[in-house]
Amino acid sequence: MKILNWLLIIAGVCGLVGVRLLEDKIFYDPFLEYFHEANKNITFPQFEWAKLIVGHLFRFILNLIFSCLIIQCLFKNRQWTVQGALLISIIFMITFPIYLYCIYDRFEIGYLFSFYMRRFVIQPLALLLIVPMFYYRKQSS
C-alpha cells in the first residue's frame, strides 16, 4: 500500500509538471510569449477575454486536482485535503481578479507585479506553502 501511495504522489507531481510542460499546447494564453521574452517593451498581445479566462480556470482546476492528490497521499486526511483545496481556491480567487485587472490595465500597474500575480494564478505555488504547514501540523499533534 505504501508503494501505491508514493506512486500516486509521483503521479500528482508528474501531473503538475505536465501541465507546465504542455501549457502552450493545451491552454489559451497569449501572454506566455510576452512573459517568456522578459522584455517589458515587447508589444502587448491581442487576446480574447473569454478564452483567456476559461483557459486559466481550466488550468487552475487541473492544478487543484493534482495538488489535492499530493496532499491526500502525503497526509491521508480528507479534512486536510479539503482545507488545502479551500486555501488554494481562496488564493486563486484573490489573485485571479488582480491579474485580470493587470491585463485590463495593460500591465501599467507594474511589469514585475503583473508577472508575479500571473505566477500565483497559473502555478500551484500555494502547494509549496501548504505541504510544510500540514507537515508541521502533523508533527505537533
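That block above? That's the structure.
These figures come from a predicted structure and were not determined experimentally.

Novice: Help me get a handle on the overall build of the chain, residues and values and all.
Specialist: Looking only at helices and strands, the chain features seven helices and zero strands. Ordered by position in the sequence, the α and β elements of the chain form the string α-α-α-α-α-α-α. Once the C-alpha set of the chain is aligned to its principal axes, its extents read approximately 50 × 30 × 25 Å. For the chain, contacts bridging at least 24 residues in sequence account for 71% of all contacts bridging at least 6. When the 13 positive and 8 negative side-chain charges of the chain are each reduced to one mean point, those points stand 17 Å apart.

Novice: Can you lay out the packing of helix 5 (residues 78–104) against helix 6 (residues 111–122) for me, pointing to particular residues and giving the numbers?
Specialist: For the pair helix 5 and helix 6, interaxial distance at closest approach is 9 Å and the crossing angle is 140 degrees. Relative to helix 6, the element helix 5 is oriented oblique. Both helix 5 and helix 6 take part in a crossing whose hand is left-handed. The residues of helix 6 that touch helix 5, namely those facing Ile-91, Phe-92, Thr-95, Phe-96, Ile-98, Tyr-99 and Cys-102, are Phe-113, Ser-114, Met-117, Arg-118, Phe-120 and Val-121. Looking at side-chain class alone, the contact of helix 5 with helix 6 contains ten nonpolar, two polar and one charged residues.

Novice: Run through the nonpolar core, naming residues and quoting values.
Specialist: Of all hydrophobic cores here, the largest spans 31 residues; its most connected members are Phe-31, Phe-35, Tyr-99, Ile-103 and Phe-107. Elements with a minimum of two residues in this core: helix 3 (31–36), helix 4 (49–75), helix 5, helix 6 and helix 7 (125–140). Here the element with the most residues in this core is helix 5; it accounts for nine residues. Sequence-distant contacts of Ile-103, that is, excluding residues within four places in its chain, are made with Phe-31, Phe-44, Phe-47, Trp-49 and Leu-52.

Novice: Explain a nonpolar patch on the surface residue by residue, including any values.
Specialist: On the surface, Trp-49, Leu-86, Ile-90, Met-93, Ile-94, Ile-98, Tyr-101, Tyr-104, Ile-109 and Phe-113 cluster together to form a nonpolar patch covering roughly 1000 Å² of accessible area. A total of seven residues in the nonpolar patch trace back to one element, the largest contributor, which is helix 5. As for its placement among the helices and strands, Phe-113 is situated in helix 6. What makes Phe-113 partly exposed here is its relative accessible area of 38%.

Novice: Tell me what's going on with helix 5, and back it up with residues and numbers.
Specialist: The end-to-end C-alpha distance of helix 5, which contains 27 residues, comes to 38 Å, matching closely the 39 Å that a straight helix rising 1.5 Å per residue would cover. At the N-terminal end of helix 5, a side-chain oxygen is found 3.0 Å from the backbone nitrogen of Gln-79, two or three residues along, and the residue is Asn-77.

Novice: Got a sec to walk through the side chain of Asn-63? Specific residues and values, please.
Specialist: Tracing the backbone through its elements, the reader meets Asn-63 in helix 4. What makes Asn-63 buried here is its relative accessible area of 6%.

Novice: Summarise the packing of aromatic side chains; cite the residues concerned and give the values.
Specialist: Under the counting rule described, the total for this entry stands at 22 aromatic pairs. Aromatic pair Phe-92 and Phe-96: ring centres 4.8 Å apart, planes at 15 degrees, arrangement stacked. One end of the pair, Phe-92, and the other, Phe-96, are both in helix 5, four residues apart, so they sit about a helical turn from each other. Relative accessible area serves as the criterion here: at 7%, Phe-92 is assigned to the buried category. Judged by relative accessible area, which is 7%, Phe-96 ranks as buried. Ring-pair connections join several aromatic residues into one group, and the members of that group are Phe-31, Tyr-34, Phe-35, Phe-44, Phe-47, Trp-49, Phe-107, Tyr-111, Phe-115 and Tyr-116. We note Lys-51 situated over the ring of Tyr-28; from NZ or CZ to the ring centre the distance is 4.6 Å.

Definitions and limits used
Residues numbered from 1 in each chain as written. Predicted model: local features only at pLDDT ≥ 70, side-chain atom pairs only at ≥ 80, totals over all residues. Heavy atoms only, no water. Helix = DSSP H or I, 4+ residues; strand = E, 2+ residues; numbered from the N terminus. Contact = heavy atoms within 4.5 Å. Lys, Arg positive; Asp, Glu negative; His and termini not counted. Charge placed at Lys NZ, Arg CZ, Asp CG, Glu CD. Axes fitted to C-alpha atoms, helices over the stretch in contact; angles between N-to-C directions. Parallel < 35°, antiparallel > 145°, perpendicular 65-115°, else oblique. Left-handed = near helix turned anticlockwise from the far one by under 90°. Nonpolar A, V, L, I, M, F, W, Y, C, P; charged D, E, K, R; others polar. Core = buried A, V, L, I, M, F, W, Y, C linked by side-chain atoms within 4.5 Å. Buried < 20%, exposed > 50% of the residue type's maximum accessible area, 1.4 Å probe, protein only. Patch = residues over 30% accessible without salt bridge, like charges linked within 9 Å, V, L, I, M, F, W, Y side chains within 5 Å. Areas by Shrake-Rupley, 256 points an atom, 1.4 Å probe, with all protein chains shown as cover. Salt bridge = Lys/Arg side-chain N within 4 Å of Asp/Glu carboxyl O. Expected span 1.5 Å × (residues − 1). Polar contact = N/O pair within 3.5 Å; in protein donor to acceptor, adjacent residues only side chain to side chain. Phe/Tyr/Trp six-rings, centres within 6.5 Å; stacked < 30°, edge-to-face > 60°. Lys NZ or Arg CZ within 6 Å of the ring centre and 35° of its normal.

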